[in-house]
Amino acid sequence: MSNAIITQAFINQCRTLLGKDNVISDPERLKVYECDALVALRVMPQLVVLPETVEQVQALLKLCHHHGVPVVARGAGTGLTGGSISVENGIVLGLSKMNNILALDPDNRTARVQAGVRNLAISEAAKIHGLYYAPDPSSQIACTIGGNLAQNSGGVHCLKYGLTVHNVLQIKLVTMTGELLTLGGSGLDAPGYDLLAVTIGSEGLLGIVVEATVRLLPIQPCIQVLLAAFENIEQAGTAVAAIIAGGLIPAGLELMDNAAIRVTEAFVHAGYPVDAGAILLCELDGPEAQVEADRQKAEQILKTHGAVEIRLAEAAEQRKLFWAGRKAAFPAVGRIAADYYCMDGTIPRKHLAGVLTRINQLAEALGLRVVNVFHAGDGNLHPLILYDMSIPGDYDKAELLGGQILELCVEVGGTITGEHGVGLEKLKHMCVQFSALELEQFHRLKQAFDPKQLLNPGKAIPTLHRCAEFGHMHVHQGQLPFPDLERF
Amino acid sequence: MLSRDLTSELQAQVQQALATKTALRIVGGKSKAFYGLPSSAQTELNVSGHQGVIAYEPSELMLRVRAGTRLIDIKSLLAEHGQMLAFEPPAFTEQATIGGTVACGFSGPRRPFTGGVRDFVLGCSFLNGKAELLHMGGQVMKNVAGFDVSRLMVGALGQLGVMLDISLRVLPIPEAELTLTYEVADIMNAVQKMQSLQGQPWPISGLAFCDGQLKIRLSGAPSAIEQAAQQLGGDREPQDETFWQELREQQSAFFGGAEPLWRISIAPATPMPELDGRWLIDWGGAQRWLKNTVPAATIHEAVAALDGTALCFRGPDKTDWLRLEPGVLSLHRQLKQAFDPEQLLNPHRFTPEL
C-alpha cells in the first residue's frame, strides 16, 4: 500500500481529466461521502472524483497507479459494511454519473448498462418487453448495478432466481493500470478461467466495473403468497425443510419469530397472528397451472407439519399486506429499541431451530434481546440485536453477541455473511471462517489483479498479522441512513 | 458407492512434485482427455480413487462429494431422492468424475434455463500448487465471504488447484417433462422462433434445433406442461428423453463423422456465422455446434465478427483451438502464478503460454 499524500498538483490533474465540477475537495460536499449505510464507520475522504466516461475512469486509474494513490469505488453508498468509505490517502471514485442504460435487447433478453444505473431502473425499462432483472436486493430502488456486482447482491427471490453472479453475462472492468478488459461473453460463457465469477462479489478489490450486460427474464404471469402460522419455530423450520424436500422451489420463503411478528404487527398492522410462535411466508410464481399445483402441494406440506393457520393472498394488494410486516421488520425494531445490530450469517437450514435457541441463550446470558427474521429458503439469518447506546457497556455486549452469533454460524457449517459482504465491518470474523493459508491465497489473488494493492486496500480480506476490530451494523434511535429504503 | 479419502496421499504427491519441480497431469476418469491441449506434464496425478459422498442433505439441496466420484453414481443417488444435477452434465463415458466435470465446466441442454456448472458450485476444497489444502466457499447458497474462488475452479482445467471435494447445489427433478417437435426448414427461422419462445414465461427446459426439427422440452407439474403444450402446438415426441440424452452425450448422428467439432458461444439471437458445414443449435441459440474442416482462423474470425467465441471441442489439430484476448490472457497467467507459482498443475492445457 502506498503512503503517497494527495497533492494539489494531483488534484489539478484530476480536474484537467474530469472538469472541475466532477472533482470534489471541499469539506462541505465531501461530507456526503463520509460513510455508507453503516453510519458507525466514518472516514472523511480527501478527494472524490465523479467520472462520466469509461475513458475518464481509465485515465484516472492510470494517474492513481502512477502516483500510488489508493482508489475506493462507490455506487449509491447503500452498502451495510463500510465497504465504500475512503481509505487513508485515497480517493473515492463515484460512478453515479455513469448511469445510462446503453442498450435493451429484447431478442437476446439482455440489458447493457453503465455501472451507476440503479437496480430497479433496469426492470422498469425492460417492463415494456415483458422482461425484468431478477436480483432484487431490498435497497433496489437506490442501489446501483456496480454496487450489486461488488457485493454479489441477492434479494428475497434469490432462492429461485439466483444472485447477481447468476444473472450477469459480461462486464467491462478497468484494471488499476487503466486497461479496459471485457470479462464473460455475449453468450452464456467465455473461454478460459471464469474471471467474471471471481470478479463478482470482490468488493472493489480487483478492478472497477464500468459496464455490465445482465440477463433479463420473462415476467411470470401468476404470483401467490401463502402465510402459515406455527406454534413454535422448530415446527416452522421443519416445514421449510419439508417444502424443499417435497420438490418445491418457492420464489421466496421467509420466516419470522414471535418477537418479530409482535414488533412488526404493532407497527404496520398486517394482520399477523401475534400468538404464533413463528410465521412462514411462501411466495409461488410461474404459469397459472404451475402455481396452482405448487400451492396445493405447499398447503398440504404446511398442514402436515403443524401449520395452525394458512392464509392465501392472490390479489396484489393482499400480497403486499402479507409482505408488509416482513419488509417493515427493521424500522419496526427501530421503534422498540434505542439501537440495534443487524447480523447477516447463513446456516444450513437444518440447524435453524438449534441456532435460534442458542442465539436466545447467548442473548439472555448477556441480558440482551434479539428479534429474528430469516430468509428461510436459503438459510440467511438476520438476527437483530437490541441494545441501548446510552447504557454504558451495552454496545460492547451487543458487539460481543454479534461475534458469538457469527462464530456459531461458521461452527454449524455456514458463513459470516450471506449478502451484506465483509467490507470493514466483518474483517475480524473472516479470521474465524478462513485459515491463514486461505487468507494468503486471497491476497495473492488480489495481487494478480492489483499488484500495487491500490484498489480498496484493507477491506474484505484481513491481513494476517492483525484482524482489525470494528463494529457491526449500527443503527441509532431507529435512524437508518436512507430511511425510506426497505430493509429485509 | 465407494468411499475412500485419499487427501493425504494426494497432498503428498503434490508436495513431492513441488520438491522435485515435476509438473503434474491431473486425471479423473479420462472421459474428457480429448478436450483442450494435452498437458505438457508427464507425471500423472490420478484423483479417480478419491471417491464418495461426504454429505448429502436432500432438504438442504446440497451435495458434497469427493472429486473422483463418478457422475453416474451421483446421478443415481440424487435420483433416489427425486433430485438432480440441474446443469445436466454430459458424462461421455461411465468413468466420468464430478471433478473432471467441474474442471471442464461442461453443462447440458438445461443450462440456459436452470444454470451452468458454475451456477451450482457452492464451495470446494483443493490443493494449490504449493500443496496447501484450502477450503473455499461453503455449503450454503448465500455466501459472500472472501473471493469466489470455487467458481473460478470451474472450467480452469485443473490449472489453479487439484480439486478434492466439491459442494454443489442440487434441484428437484421436474415432476413431468414432455418434448414437442416442429418442422422448421430454415435455420435462422428456428433461431428466431427460439427467441420468441424464450421471451415468454413458458416452462421450457430444453430448446434445440437439428436437421430441420425444432425441439422444445417442457418441465413442471403435469397440468402446467399439458396446458403449455396445447397452447404451443407441435408434435409430441414419443421417446422424450432419448433426443436430449443423445444431444447431451454427443451421441446423435450430427456428432458422427470425421470433421472437427466446433463449439460456438454467442448471444442467442445472433444470425448464423457465414461458415460452411453442418450446424446444431442448442441452448436456445446460445450454444451452436459446427462440424466442418475449414481452417481454425477462419472460424475464429467469422465468430468474433458476431461478438461470439469459438473453440475446437474435438479435432485432431488443437494448435488454434481457443483464443484469449491479450489482456485477458495476461490476467490468466498472473492468476496461474497466484495459485501455482511453480507451474506444476496441468501446464499448457489452454495454450502454449498457459
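Residues numbered from 1 in each chain as written. Chains lettered and ligands numbered in written order. Predicted model: local features only at pLDDT ≥ 70, side-chain atom pairs only at ≥ 80, totals over all residues. Heavy atoms only, no water.

**Here's the deal with the packing of aromatic side chains**
A complete count under the given rule lists 23 aromatic pairs over all chains for this structure. Between Tyr 132 of chain A and Tyr 161 of chain A, the ring centres sit 6.4 Å apart and the planes meet at 80°, which makes this aromatic pair edge-to-face. With Tyr 132 of chain A in strand β7 (residues 131–132) and Tyr 161 of chain A in helix α6 (residues 158–161), the pair connects residues that are 29 residues apart, well separated along the chain. By relative accessible area, which is 19% here, Tyr 132 of chain A ends up buried. Looking at Tyr 161 of chain A, the relative accessible area reads 14%, which means it is buried. Measuring from ring centre to ring centre gives 6.2 Å for Phe 126 of chain B and Phe 339 of chain B, while their planes differ by 45°; the resulting arrangement is tilted. Placement of the pair is Phe 126 of chain B in strand β6 (residues 121–127) and Phe 339 of chain B in helix α11 (residues 326–339), with a sequence separation of 213 residues. Judged by relative accessible area, Phe 339 of chain B falls into the buried class, the value being 0%. Connected via pairs of aromatic rings, a cluster forms that spans Tyr 193 of chain A together with Phe 34, Tyr 35, Phe 92, Phe 106, Phe 254, Phe 255, Trp 289, Phe 313, Trp 321 and Phe 350 of chain B. Geometry around Trp 283 of chain B places Arg 111 of chain B over its ring, the cationic atom sitting 5.8 Å from the centre. (Phe/Tyr/Trp six-rings, centres within 6.5 Å; stacked < 30°, edge-to-face > 60°. Helix = DSSP H or I, 4+ residues; strand = E, 2+ residues; numbered from the N terminus. Buried < 20%, exposed > 50% of the residue type's maximum accessible area, 1.4 Å probe, protein only. Lys NZ or Arg CZ within 6 Å of the ring centre and 35° of its normal.)

**With respect to the domain arrangement of chain A**
Residues and elements named next belong to chain A. Split by domain assignment, chain A resolves into domain 1 (8–94), domain 2 (101–218), domain 3 (222–332) and domain 4 (337–485). Contact with domain 2, which involves 5 residues of that partner, is made by 10 residues of domain 3. Taken together, the two surfaces of domain 2 and domain 3 that pack against each other cover about 630 Å², and 57% of this comes from carbon and sulfur. On the domain 2 side of the interface with domain 3, the three residues burying the most area are Val 156, Leu 159 and Lys 160, jointly 73% of the side's total. Here domain 2 and domain 3 share 1 salt bridge between them. When the shortest N-O distance is used, the salt bridge between Lys 160 and Asp 285 registers 2.6 Å. Joining domain 2 to domain 3, the criterion identifies 3 residue pairs in polar contact (both at pLDDT 80 or more). A per-class count over the side of domain 2 that touches domain 3 returns 3 nonpolar, 1 polar and 1 charged. (Domains from an automatic or database assignment. Contact = heavy atoms within 4.5 Å. Buried area = accessible area lost by both parts, 1.4 Å probe. Salt bridge = Lys/Arg side-chain N within 4 Å of Asp/Glu carboxyl O. Polar contact = N/O pair within 3.5 Å; in protein donor to acceptor, adjacent residues only side chain to side chain. Nonpolar A, V, L, I, M, F, W, Y, C, P; charged D, E, K, R; others polar.)

**Description of the pattern of salt bridges**
Per the counting criterion, the structure on display carries 39 salt bridges over all chains. Notably, a salt bridge pairs Asp 119 of chain B with Arg 118 of chain B, separated by 3.2 Å at the nearest N-O pair.

**Regarding the sheet that holds strand β9 (residues 180–184) of chain A**
Remark on secondary structure: sheet strands pair via backbone hydrogen bonds, oriented parallel or antiparallel. Residues and elements named next belong to chain A. Read from one edge to the other, the open sheet built from 5 strands follows the order β5-β6-β10-β8-β9, with strand pairing classed as antiparallel. Across the chains shown, the open sheet's two edge strands, defined by having one partner strand only, are β5 (101–105) and β9. Recorded for the sheet is a direction-independent mean angle of 10° between the axes of neighbouring strands. One ladder, built from 6 bridges, connects strand β8 (residues 168–174) with strand β10 (residues 208–215); its direction is antiparallel. Across the sheet, the residue bridging to Ile 171 is Ala 212, located in β10. (Pairing = 2+ DSSP bridges. Axes fitted to C-alpha atoms, helices over the stretch in contact; angles between N-to-C directions.)

**Remarks on the side chain of Glu 60 of chain B**
Relative to the helices and strands, Glu 60 of chain B resides in the loop between β3 (53–57) and β4 (62–66). In this structure Glu 60 of chain B is buried but unpaired, with Arg 349 of chain A as the nearest side chain of opposite charge at 4.2 Å. One polar contact links the side chain of Glu 60 of chain B to the main-chain amide nitrogen of Lys 350 of chain A, over a distance of 2.4 Å. The residues contacting Glu 60 of chain B, other than those within four sequence positions of it, are Pro 348, Arg 349 and Lys 350 of chain A. (Lys, Arg positive; Asp, Glu negative; His and termini not counted.)

**So, the nonpolar core**
Membership of the largest hydrophobic core comes to 214 residues, with the highest contact counts inside it found for Leu 255, Leu 280 and Leu 445 of chain A together with Leu 218 and Phe 339 of chain B. With sequence-adjacent residues up to four places away left out, Leu 218 of chain B is seen in contact with Ala 176, Glu 177, Leu 178, Leu 180, Pro 203, Ile 204, Ser 205, Ile 225, Ala 228, Ala 229 and Leu 232 of chain B. (Core = buried A, V, L, I, M, F, W, Y, C linked by side-chain atoms within 4.5 Å.)

**Some points on empty space enclosed by the protein**
Taken as a whole and judged by the stated rule, the model has 4 cavities of 30 Å³ or more. When residues of the lining of the largest cavity are traced back to their parent elements, those giving at least two are β3 (71–74), α5 (145–151) and β10 of chain A. Here the element with the most residues in the lining of the largest cavity is α5 of chain A; it accounts for 6 residues. Of the residues that constitute the lining of the largest cavity, the class distribution is 15 nonpolar, 24 polar and 5 charged. There is about 200 Å³ of room inside the second largest cavity. Around the second largest cavity, the lining comprises 18 residues; the ones closest to its centre are Asn 152 of chain A together with Asn 143, Val 144, Asp 148 and Arg 151 of chain B. Elements supplying a minimum of two residues to the lining of the second largest cavity: β6 and α6 (149–152) of chain B. (1 Å grid on protein atoms, 1.4 Å probe; cavity = no way out; pocket = protein on both sides within 12 Å on 5 of 7 lines; lining within 4 Å. Points joined across faces, edges and corners; volume = space filled by probe spheres on them.)

**Overview of the sheet that holds strand β4 (residues 91–94) of chain A**
Residues and elements named next belong to chain A. With respect to topology, 4 strands assemble into an open sheet ordered β1-β2-β4-β3, the strand pairing being mixed. The outermost strands of the open sheet, each flanked by one partner alone, are β1 (23–24) and β3. With 2 bridges connecting them, β1 and strand β2 (residues 47–49) associate as antiparallel partners. Across the sheet, Val 23 pairs through a bridge with Val 49, a residue of β2. Lying on the sheet, helix α1 (residues 8–18) is in contact with β1, β2 and β4; it crosses β2 at an angle near 15°. On the sheet, helix α3 (residues 54–67) packs against β2, β3 and β4 and is oriented at approximately 170° with respect to β4.

**What to know about helix α8 (residues 233–245) of chain A**
Given 3.6 residues per turn, any residue in an α-helix points the same way as the ones three and four places further on. Residues and elements named next belong to chain A. In this model, α8 (13 residues) spans 18 Å end to end at C-alpha, consistent with the 18 Å of a helix rising 1.5 Å per residue. Buried within α8 we find Ile 233, Ala 236, Gly 237, Ala 239, Val 240, Ala 242, Ile 243 and Ile 244. Buried residues along α8 sit against α6, β12 (222–230), β13 (252–257), β14 (278–286), α10 (288–304) and α13 (352–366). Sitting at the head of α8, Asn 232 places a side-chain oxygen 3.2 Å from the backbone nitrogen of Glu 234. (Expected span 1.5 Å × (residues − 1).)

**So, the state of the cysteines**
This model, assessed by the stated rule, comprises 0 disulfides over all chains. Take Cys 158 of chain A: it sits in no disulfide, and the sulfur closest to it among the cysteines is that of Cys 143 of chain A, at 14 Å. (Disulfide = S-S within 2.5 Å.)

**Thoughts on the packing of α13 of chain A against helix α14 (residues 394–411) of chain A**
Each pair of packed helices gets described by two things: the angle between the helix axes and the distance between those axes. Residue and element names in this part refer to chain A. At a minimum axis separation of 10 Å, α13 and α14 run at an interaxial angle of 155°. The orientation of α13 with respect to α14, classified from their angle, is roughly antiparallel. In this structure, α13 crosses over α14, and the sense of that crossing is right-handed. Between α13, through Val 355, Arg 358, Ile 359, Leu 362, Ala 363 and Leu 366, and α14, the contact on the second element is made entirely by Lys 397, Leu 400, Leu 401, Gln 404, Ile 405 and Leu 408. Here the contact of α13 with α14 is composed, by residue class, of 9 nonpolar, 1 polar and 2 charged. (Parallel < 35°, antiparallel > 145°, perpendicular 65-115°, else oblique. Left-handed = near helix turned anticlockwise from the far one by under 90°.)

**Regarding unusual backbone geometry**
Even without glycine at this site, Asn 89 of chain A takes up a positive phi of about 60°. Relative to the helices and strands, Asn 89 of chain A is located in the loop between β3 and β4. Residue classification places Asn 89 of chain A among the buried residues on the basis of a relative accessible area of 13%. Unlike most non-glycine residues, Lys 21 of chain B shows phi in positive territory, near 50°. With respect to the helices and strands, the residue Lys 21 of chain B is situated in the loop between α1 (7–20) and β1 (24–27). Look at Lys 21 of chain B and you get exposed, because its relative accessible area is 55%.

**Considerations on the environment of Phe 322 of chain A**
All names here are of chain A. Relative to the helices and strands, Phe 322 resides in helix α11 (residues 316–327). Judged by its relative accessible area of 4%, Phe 322 is buried. Distance in space between the C-alpha atoms of Phe 322 and Gly 402 is 29 Å, their sequence separation being 80 residues. Those residues in contact with Phe 322 that sit more than four places away from it in its chain are Val 225, Leu 226, Leu 227, Tyr 272, Leu 281, Arg 311, Leu 312 and Ala 313.

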